[in-house]
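A structural walkthrough
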Amino acid sequence: MNRVRKIICKNRVKSIGRNIKQRKSIGRRKSIKKASLIALAILSISFLCAFAMEDGEYSVSVDISGGSGKASVTSPTLLTVKDGIPVARIQWSSSNYDYMIVDGAYYYNQSEEGMNSVFEIPVLCWDEEMNVIADTTAMGNPVEVHYQFLFYRDSLGSKNELPQEAAKRVLCVAFVIIAAGGVLNYIIKKKSS
């Protein structure tokens, strides 16, 4: 009987020893998992901060693929960042687009009747294709067409780089020149009479 007790006690001691080793091993694994999760969180935050943008207006180049290949969008286009969220102003080469679907959300045409379709959509990724759907009535009945937009992070620049902004500056300079010429002409005529 004593011998049986000793064997049982030895097995319990061995069992307890094994449990302690297993607990230490599990504890180490949990620490490694926690450390890995913390490292992953830090990397994610630093990655997001590296791509975070200050609020403001920028220009960005965008390419489009998909559909029939006939449609195009204005590039570079206006990019507005508010609360760190980049939103691109997409102007199509056609007035026949009613709405766009980006990441399951609907965005509706903001242009006036007869003008090329304009949408403000979020930029979900940089330097890789972003899938969108655009509904067009160009073929009579509404049809949802699948496109891919590619926004180039390296092309980010000042809003002044947009062709529309350059045209505004040219018009302003032309107006100033015309006004100055008119004033100069008036002064010369006044002096000669």
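Before reading on, note that the structure itself is shown above.
None of these values were measured; they are calculated from a predicted model. (Residues numbered from 1 in each chain as written. Predicted model: local features only at pLDDT ≥ 70, side-chain atom pairs only at ≥ 80, totals over all residues. Heavy atoms only, no water.)

So, about the overall build of the protein chain. If you tally the helices and strands in the protein chain, you get 2 helices and 10 strands. Secondary structure elements of the protein chain occur, N-terminal to C-terminal, as α-β-β-β-β-β-β-β-β-β-β-α. Per-residue burial over the protein chain gives 23% buried out of 193 residues. Partitioning the intrachain contacts of the protein chain with sequence separation of at least 6 by distance along the chain shows that 53% fall at a separation of at least 24. Carbon and sulfur atoms provide 59% of the accessible area of the protein chain, an area that totals close to 13900 Å². (Helix = DSSP H or I, 4+ residues; strand = E, 2+ residues; numbered from the N terminus. Buried < 20%, exposed > 50% of the residue type's maximum accessible area, 1.4 Å probe, protein only. Contact = heavy atoms within 4.5 Å. Areas by Shrake-Rupley, 256 points an atom, 1.4 Å probe, with all protein chains shown as cover.)

Attention shifts here to the nonpolar core. One finds W92, Y147, F149 and F151 to be the most contacted residues of the largest nonpolar core, which totals 25 residues. If you list the elements that add at least two residues to this core, you get β3 (77-82), β4 (85-91), β5 (97-102), β7 (118-122), β8 (130-136) and β9 (143-151). No other element matches the 4 residues that β9 contributes to this core. If sequence neighbours within four positions are ignored, F151 has contacts with V60, S61, V62, A88, I90, V123, C125, W126, D127 and M130. (Core = buried A, V, L, I, M, F, W, Y, C linked by side-chain atoms within 4.5 Å.)

Attention shifts here to the pairing of β5. In the case of a regular strand, side chains alternate between the two sheet surfaces. Burial within β5 is extensive, with 5 of its 6 residues counted as buried. Both β5 and β8 contribute to a ladder of 5 bridges, which runs antiparallel. Among the inter-strand pairings, M100 is bridged to a residue of β8, identified as A134. Across 4 bridges, β5 lies against strand β6 (residues 105-108) in antiparallel orientation. Paired with I101 across the strands is Y106, a residue of β6. Hairpin connection of β5 to β6: 2 residues between the antiparallel strands, including D103 at a positive phi of 55°. (Pairing = 2+ DSSP bridges.)

This part takes up the packing of aromatic side chains. A full pass over the atoms with the stated rule returns 8 aromatic pairs. Arranged with centres 4.1 Å apart and planes meeting at 25°, the rings of W92 and Y97 form a pair that is stacked. Aromatic pair Y99 and Y106: ring centres 5.3 Å apart, planes at 45°, arrangement tilted. The class of Y106 is partly exposed, set by a relative accessible area of 44%. Members of the aromatic cluster, connected to one another through ring pairs, are W92, Y97, Y147, F149 and F151. In this arrangement the basic side chain of R153 is found over the ring face of W126, its NZ or CZ atom lying 5.4 Å from the centre. (Phe/Tyr/Trp six-rings, centres within 6.5 Å; stacked < 30°, edge-to-face > 60°. Lys NZ or Arg CZ within 6 Å of the ring centre and 35° of its normal.)

Right, let's talk about empty space enclosed by the protein for a bit. With the rule as written, the count across this model stands at 1 cavity of 30 Å³ or more. Along the walls of the largest cavity sit L78, T80, V87, A88, R89 and E120, which together make up its complete lining. Of all the secondary structure elements, the ones that give two or more residues to the lining of the largest cavity are β3 and β4. Examining the composition of the lining of the largest cavity, we find that 3 residues originate from one element, β4, more than from any other. (1 Å grid on protein atoms, 1.4 Å probe; cavity = no way out; pocket = protein on both sides within 12 Å on 5 of 7 lines; lining within 4 Å. Points joined across faces, edges and corners; volume = space filled by probe spheres on them.)

Honestly, that's just the spatial picture; any functional story needs more than this.
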